[in-house]
Amino acid sequence: MANDSVCDGCGQSFPLREGTQLCPKCVKLESCDRSSAEYKDIMTWLQCTKCGVTRRNMPTQDKPVVCAAEACQASNNTTDAIQLTPLQRSSASNVPDTFRDRTTLLRDRLRISHKDQTVTTSKLNTAMLTERDLRGGNTNEIKIFIGWQVRTSKRPGTVDLTYGGQVKQWKADEFITDVMSEILEAVNREWLKTHSLPLNMDDCSLRFCNNQNLEDNTSTLTVGQFYEHYSKSAQATMYFDPKRIPPTFRHLTHGGKRVLCLELFVNIDHWELRKDTLENENESTVSTMIHASARSVARKRARAPSSAAEQDGEDFRRRKSGLLAGVPPSTFRLSARAGPSVVYKQTAVKLKIIHCVFDATESDCKLVTERQPVSGFILDEPFKSGSMKHAYDLVFSTGERYVAKRFFKLCDEEDIFTLYDNKVSVGDNRVQIEGEIMRLSKCQWFMDVFYQLCHRKGVPVFQCTLAILSLVVPISHRLTDLSIADAFLAEEVEAHSVASGEAEGDPTDFTNGVTWLVEPKRSLALTKFSGTLQHGTSNHDLKSLTVYAWAHFVFGYSQESMVVADIQGTPAQVKGKDGLVLFDIMTHTTNGESGVGDFGVEGMLTFLKDHECRDVCHGLGLDKSMPIDVDEFKACLKKYEKEGVSVGSSAAPEDQDRDGAEADD
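Draft legend 1. Broad picture of the environment of phenylalanine 358. Mapped onto the secondary structure, phenylalanine 358 falls in strand β6 (residues 346-359). Taking the C-alpha atoms as reference, phenylalanine 358 lies 7.2 Å from tryptophan 445; in sequence the two are 87 residues apart. Not counting residues up to four positions away in its chain, the partners in contact with phenylalanine 358 are Ser363, Asp364, Cys365, Ser441, Lys442 and Trp445.

Draft legend 2. Local environment of the packing of aromatic side chains. Considering all chains together, one arrives at 21 aromatic pairs under this definition. Pairing tyrosine 163 with tryptophan 191 gives two aromatic rings, centres 6.1 Å apart and planes at 35°, and the pair type is tilted. In this pair, tyrosine 163 sits in the loop between β1 (143-152) and β2 (166-171) while tryptophan 191 sits in helix α7 (residues 176-191), placing the two residues 28 residues apart along the sequence. Taken together, a centroid distance of 6.3 Å and an interplanar angle of 50° make the contact between phenylalanine 555 and phenylalanine 607 tilted. Of the two residues, phenylalanine 555 is situated in helix α13 (residues 542-557) and phenylalanine 607 in helix α14 (residues 600-610); the sequence distance between them amounts to 52 residues. With respect to burial, phenylalanine 555 and phenylalanine 607 carry one shared label: buried. Taken together, the ring pairs in this structure connect Phe358, Trp445, Phe446, Phe450, Tyr451, Phe553 and Tyr557 into an aromatic cluster. Here the guanidinium or amino end of arginine 207 rests over the ring plane of phenylalanine 265, the centre of that ring lying 3.7 Å away.

Draft legend 3. Representation of the pattern of salt bridges in the model. For the structure on display, the rule yields 22 salt bridges. Residue lysine 389 is joined to glutamate 436 by a salt bridge in which the shortest nitrogen-to-oxygen separation is 3.3 Å. Here the residue lysine 389 occupies a position in strand β10 (residues 389-396), and glutamate 436 occupies one in helix α12 (residues 426-457), the gap between them amounting to 47 residues. Among the ionic contacts, a cluster of salt bridges with common partners joins Lys352, Arg430, Glu434 and Glu491.

Draft legend 4. Seen up close, the packing of α13 against α14. Between α13 and α14, the shortest axis-to-axis distance is 12 Å and the interhelical angle comes to 130°. As the angle between them shows, α13 and α14 are arranged oblique. Crossing handedness for the pair α13 and α14: left-handed. For the pair α13 and α14, contact is made by Ala551, His552 and Phe555 and by Met604, Phe607 and Leu608, respectively. Partitioning the contact of α13 with α14 into residue classes produces five nonpolar, one polar and no charged.

Draft legend 5. Local environment of the nonpolar core. The biggest cluster of nonpolar side chains holds 53 residues, and the ones touching the most others in it are Trp550, Phe553 and Leu582. Elements supplying a minimum of two residues to this core: β6, α12, α13, β18 (562-565), β20 (577-583), α14, α15 (615-620) and α17 (630-643). The element that contributes the greatest number of residues to this core is α12, accounting for 11 residues. Membership of the second largest hydrophobic core comes to 34 residues, among which are Ile144, Val187, Leu260 and Trp271.

Draft legend 6. Structural view of empty space enclosed by the protein. The final tally for this structure, using the stated rule, is five cavities of 30 Å³ or more. Estimated volume of the largest cavity: approximately 80 Å³. Together, Phe529, Ser530, His535, Gly536, Val547, Tyr548, Ala551, Val564, Ile567, Phe607 and His611 line the largest cavity. Looking at the lining of the largest cavity element by element, the count peaks at three residues for α13.

Draft legend 7. Inspection of the confidence of the model for the protein at higher detail. For the protein, mean pLDDT is 75; residues scoring 70 or higher make up 70% of the total. pLDDT under 50 marks residues 126-139. Its contacts with residues more than four places away, or in other chains, come to 32 contacts. Low pLDDT, under 50, characterises residues 461-480; the predicted model gives this stretch 51 contacts beyond four residues in sequence or across chains.

Procedures and definitions
- Residues numbered from 1 in each chain as written.
- Predicted model: local features only at pLDDT ≥ 70, side-chain atom pairs only at ≥ 80, totals over all residues.
- Heavy atoms only, no water.
- Helix = DSSP H or I, 4+ residues; strand = E, 2+ residues; numbered from the N terminus.
- Contact = heavy atoms within 4.5 Å.
- Phe/Tyr/Trp six-rings, centres within 6.5 Å; stacked < 30°, edge-to-face > 60°.
- Buried < 20%, exposed > 50% of the residue type's maximum accessible area, 1.4 Å probe, protein only.
- Lys NZ or Arg CZ within 6 Å of the ring centre and 35° of its normal.
- Salt bridge = Lys/Arg side-chain N within 4 Å of Asp/Glu carboxyl O.
- Axes fitted to C-alpha atoms, helices over the stretch in contact; angles between N-to-C directions.
- Parallel < 35°, antiparallel > 145°, perpendicular 65-115°, else oblique.
- Left-handed = near helix turned anticlockwise from the far one by under 90°.
- Nonpolar A, V, L, I, M, F, W, Y, C, P; charged D, E, K, R; others polar.
- Core = buried A, V, L, I, M, F, W, Y, C linked by side-chain atoms within 4.5 Å.
- 1 Å grid on protein atoms, 1.4 Å probe; cavity = no way out; pocket = protein on both sides within 12 Å on 5 of 7 lines; lining within 4 Å.
- Points joined across faces, edges and corners; volume = space filled by probe spheres on them.
- pLDDT = per-residue confidence, 0-100.

Encoded structure:
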């Protein structure tokens, strides 16, 4: 049996040498030519007889030669077995004394200790830094590698390298829709170099590599759920077989890593259809503006505007009336926070839960309180801010994750630089937050009745395939994928949180706590269907056509007293299927009192002028049973105004039954 301490080159024995084969001196000599001056110089260097280390000017006078390493010195002084500490074992490696001295000084300066010592170096540890973002998971959380490439409908047989690709680690509790949203953002950076209109989520679909479609109801799962579902699938080899994975990603499969290789499939036909529709709408808008301008020339000759303010008012009314609806609304906002990033902190809260129930018999909402408060934690800083509301991460003690929202201002005219000033009182915020959840509750009721009508009519609709829509399926099989956000109110009790903006006062002087609008935490991916005063119907996909029809239905079934606006949604699981959750919906009403953003009759008129009935509207017969006529609507308003009757206060029209459908003959 070979002795590991014996060098294979010089044959000398070094009892404390680490490794086998050549000793350190032979290693140095092997790299030099025997006739070189360097070789001859190395041959003169002293060599430790214990570990074999060699270097020029080794500081030792011992005979035999022993280096200054503690292990070597100890071995030289005794023949007993030596128990070495971790630091002594590291010193036995070939490290010069000056290096060790320098390391010791650095340890002292940075106050770094060994495992058997405890030195407080900071108030922050890994767990605390992780908790600064409630979406960050924990230190033991599983990470999954996701690599992506792009494939287009123009060349479906091959990957399009024009748009590149990427590999990134994702946390298991993040959503697949957020993955797709980030991929789309990266692809659009290249896409917009040669195209004028960016791709959106409806133009694309996520697939596995080699153009394999996802299974139904898996596109809105979390990354962890998605990986677990497909890794346990009967077709798992199709998704994870290294031979089927693109060569550029095969290196990720080594070492037992969890890997997903995906493709973003871009449906060019759908994008072109959307682009043509938008261009036609813009041309129509420009034509309308030109004709309106031509008609106003004669009036201007007879009577020019008396002031610049009057002209500005006319421009404002024209914008409000939808003549500029073809121009997308500005999304520019100043940064909500300047300067270096801060470590987020959180506050423990106790919350009284309040649910909102819509009573259809009285056409009114009722608030119902739970008996026991719940405990949780809310971040001190918002993770997102809209034009009027802040949104904060909230986690209940049970681990359930939510988003809590409150108003920080109630009108758009306030100075944008006061974004984080708390200008809304606890009472005013409560009134408006209640208005928000009552809107959602009413919208949910309208949606339930809308689905009853869809089921009763049995209307066939186009299946959403992100292509030229051609497959016809029963409407009842698909439209249940749409839902209103499951929200509730939460009132702080016992103490104010920092996030409430009320914590600076005397903590013993607690009266009423801030009321929050709370919704389950969902993906950040967003689909927008309308604005506050823009209600275009340019999209052709099933989701959009359904939302357009639902908005039409709300106007008709409310007896022309309300329209829904600013409709937006997030992809999510709805009843165990891939669906869409609508949230933060605004309404315009004839009395203008439904809450923040209600423009009254003026806002309703923008919907009436912008809406065009599409496939689902026609299939449900809404264009006939609930026709939209601007002139008739205005005439009715004048009639009700003269009679002193509130629009929508009377009983439902006789030609509509309890399900909202037109009465059968």
